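Here is what each chain is made of, one letter per residue.
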Amino acid sequence: MRMETPLGRVRGLGSARSGAHHWWLERLTSVSTLILFLWFIFSRVRLPSLDHQTVTQWLSSPLAAVPMLLLVVSLFWHAKLGLIVVVEDYVHEEGGRLFWGVVINFLAILGAALALFAILKIAFTGSAE
């Protein structure tokens, strides 16, 4: 049984078949972000203090830096996916969708790159300065 209307069939405007993929990516990034965020909270609670030296020393360890890098990637990817859905739902002009899609992608990449750079700098140099 076909789910598209006769007019949609004539125009060739059936399912784009990308919605399920996007839905699964949103679910996977939400679960990974939740797990990594719980790791972050428990790791921070276990630190003896939250002063600058203790936190940078903790983040210098690969066992802290790698999950933190994964958290940043997962968080920004999930945020980008969610904001794209908001734009698709509420911006009706094609030009507006394109503009906001580009802005969201640019800001997500910029934010993730800055966070990743900061984590890697601390991990490799042991200092945030």
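For clarity, every value in this text was computed on a predicted model and none was experimentally measured. (Residues numbered from 1 in each chain as written. Predicted model: local features only at pLDDT ≥ 70, side-chain atom pairs only at ≥ 80, totals over all residues. Heavy atoms only, no water.)

1. A look at helix α4 (residues 62-90)
Step number 1: Counted at 1.5 Å a residue, the expected span for α4 with its 29 residues is 42 Å, and the 42 Å between its end C-alpha atoms agrees.
Step number 2: Those residues of α4 that sit buried are Ala 64, Ala 65, Pro 67, Met 68, Leu 69, Leu 71, Val 72, Ser 74, Leu 81, Ile 84 and Val 87.
Step number 3: Buried residues belonging to α4 abut α2 (19-46), α3 (52-59) and α5 (94-125).
Step number 4: The N-cap of α4, judged by a side-chain oxygen 3.2 Å from the amide nitrogen of Leu 63 a few residues on, is Ser 61. (Helix = DSSP H or I, 4+ residues; strand = E, 2+ residues; numbered from the N terminus. Expected span 1.5 Å × (residues − 1). Buried < 20%, exposed > 50% of the residue type's maximum accessible area, 1.4 Å probe, protein only. Contact = heavy atoms within 4.5 Å. Polar contact = N/O pair within 3.5 Å; in protein donor to acceptor, adjacent residues only side chain to side chain.)

2. Some points on α5
Step number 1: Taking 1.5 Å of rise per residue, the 32 residues of α5 would be expected to cover 46 Å, and the 46 Å separating its terminal C-alpha atoms lies within 8% of that figure.
Step number 2: Among the residues of α5, those classed as buried are Gly 96, Gly 101, Ile 104, Ala 108, Gly 111, Ala 112, Ile 119, Ile 122 and Ala 123.
Step number 3: Residues of α5 that are buried sit in contact with α3 and α4.
Step number 4: Positioned one or two residues after α5, Gly 126 has a phi angle of 75 degrees, which is positive.

3. Comments concerning the environment of Val 73
Step number 1: Mapping Val 73 onto the fold places it in helix α4.
Step number 2: Given the relative accessible area of 39%, Val 73 is considered partly exposed.
Step number 3: For the pair Val 73 and Ala 115, spaced 42 residues apart in sequence, the C-alpha separation works out to 9.1 Å.

4. Observations concerning the pattern of salt bridges
Working definition: two side chains of opposite charge can pair if their charged atoms are close together.
Step number 1: This structure, assessed with the given rule, holds 1 salt bridge.
Step number 2: A salt bridge links Arg 27 to Glu 26; its shortest N-O distance comes to 3.7 Å.
Step number 3: In this structure Glu 26 comes out as buried when scored by relative accessible area, which is 15%. (Salt bridge = Lys/Arg side-chain N within 4 Å of Asp/Glu carboxyl O.)

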